[in-house]
Each structure stands twice: as C-alpha cells, then as structure tokens.
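Residue-level structural notes
Below, each chain spelled out in residue letters.
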Amino acid sequence: MATDFIVNGKAASTDAAPATPLLWVLREGLKLTGTKFGCGTGLCGACMVHIDGKRAFSCQTQVSVPAGR
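These remarks concern the structure in this document. Note that this is a predicted model, so its numbers are computed, not measured.

If you look at the biggest cluster of nonpolar residues, it comprises 10 residues: F5, V7, A12, L22, V25, L26, V49, I51, A56 and V63. Of all the secondary structure elements, the ones that give two or more residues to this core are strand 1 (3-7), helix 1 (22-29) and strand 3 (48-51). Of the residues forming this core, the biggest block, 3 residues, is contributed by helix 1.

Structure representation (structure tokens):
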C-alpha cells in the first residue's frame, strides 16, 4: 500500500513499509540527498526535517508519520 505525503510543496509517494525510517525514503526512494545520515539515533541532527513546522529526526521517524501531510 502506498504512503502519500508532501515534500517541499510537492506530492510524494512511496511503497516502502510503514515502519521504514523516513530518512531512507527521502534519500533512497525520492533521491533527496540533502537529508544526511549521521548517528542513526536522533542525537546529532544531521537527519532533521520539519513535519508540520515541528522538527523530526528522520532516522527515528517512520514513514507512516507524515502520511497524508
């Protein structure tokens, strides 16, 4: 089942499992390599993104979280 969401004002969709880290969907699926892998535990901030104006560590955020946003 596809997960749909908005990235940088554009519609995006992925067939990744809902528990897949958002970081890997952004980098590998959508080829948006500006978001970096750092520590993998949400401590360094290299993977930080904004979801509805709030910060989120994409290495610790499942792709199901921004679904529909």
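Further remarks concern the pairing of strand 2 (residues 10-14). Strand direction decides the pairing type here: strand 1 and strand 2, joined by 5 bridges, are antiparallel. Counterpart to D4 in the pairing with strand 2 is S13. In this antiparallel pair of consecutive strands, strand 1 and strand 2, the connection spans 2 residues, and N8 shows a positive phi of 55 degrees.

Before going further, it helps to spend a moment on the pairing of strand 3. On a regular strand, each side chain points to the face opposite its neighbour's, so the side chains alternate between the two faces of the sheet. Burial of the side chains of strand 3 is restricted to one face: V49 and I51 are buried, whereas none of M48 and H50 on the reverse face is. Taken together, the 4 bridges between strand 3 and strand 4 (residues 54-57) define a ladder with antiparallel strand orientation. Within the sheet, the bridge partner assigned to H50 lies in strand 4 and is R55. Counted between consecutive antiparallel strands, the loop separating strand 3 from strand 4 contains 2 residues, among which D52 sits at a positive phi close to 55 degrees.

Another aspect to go through is the layout of surface pockets. Roughly 320 Å³ of internal volume is contained in the largest pocket. Lining the largest pocket are 15 residues, with I6, V7, N8, V49 and H50 positioned closest to its centre. Looking at the lining of the largest pocket, the elements with two or more residues in it are strand 1, helix 1 and strand 3. Per-class residue counts for the lining of the largest pocket are 9 nonpolar, 4 polar and 2 charged.

Basis of the calculations
- Residues numbered from 1 in each chain as written.
- Predicted model: local features only at pLDDT ≥ 70, side-chain atom pairs only at ≥ 80, totals over all residues.
- Heavy atoms only, no water.
- Core = buried A, V, L, I, M, F, W, Y, C linked by side-chain atoms within 4.5 Å.
- Buried < 20%, exposed > 50% of the residue type's maximum accessible area, 1.4 Å probe, protein only.
- Helix = DSSP H or I, 4+ residues; strand = E, 2+ residues; numbered from the N terminus.
- Pairing = 2+ DSSP bridges.
- 1 Å grid on protein atoms, 1.4 Å probe; cavity = no way out; pocket = protein on both sides within 12 Å on 5 of 7 lines; lining within 4 Å.
- Points joined across faces, edges and corners; volume = space filled by probe spheres on them.
- Nonpolar A, V, L, I, M, F, W, Y, C, P; charged D, E, K, R; others polar.

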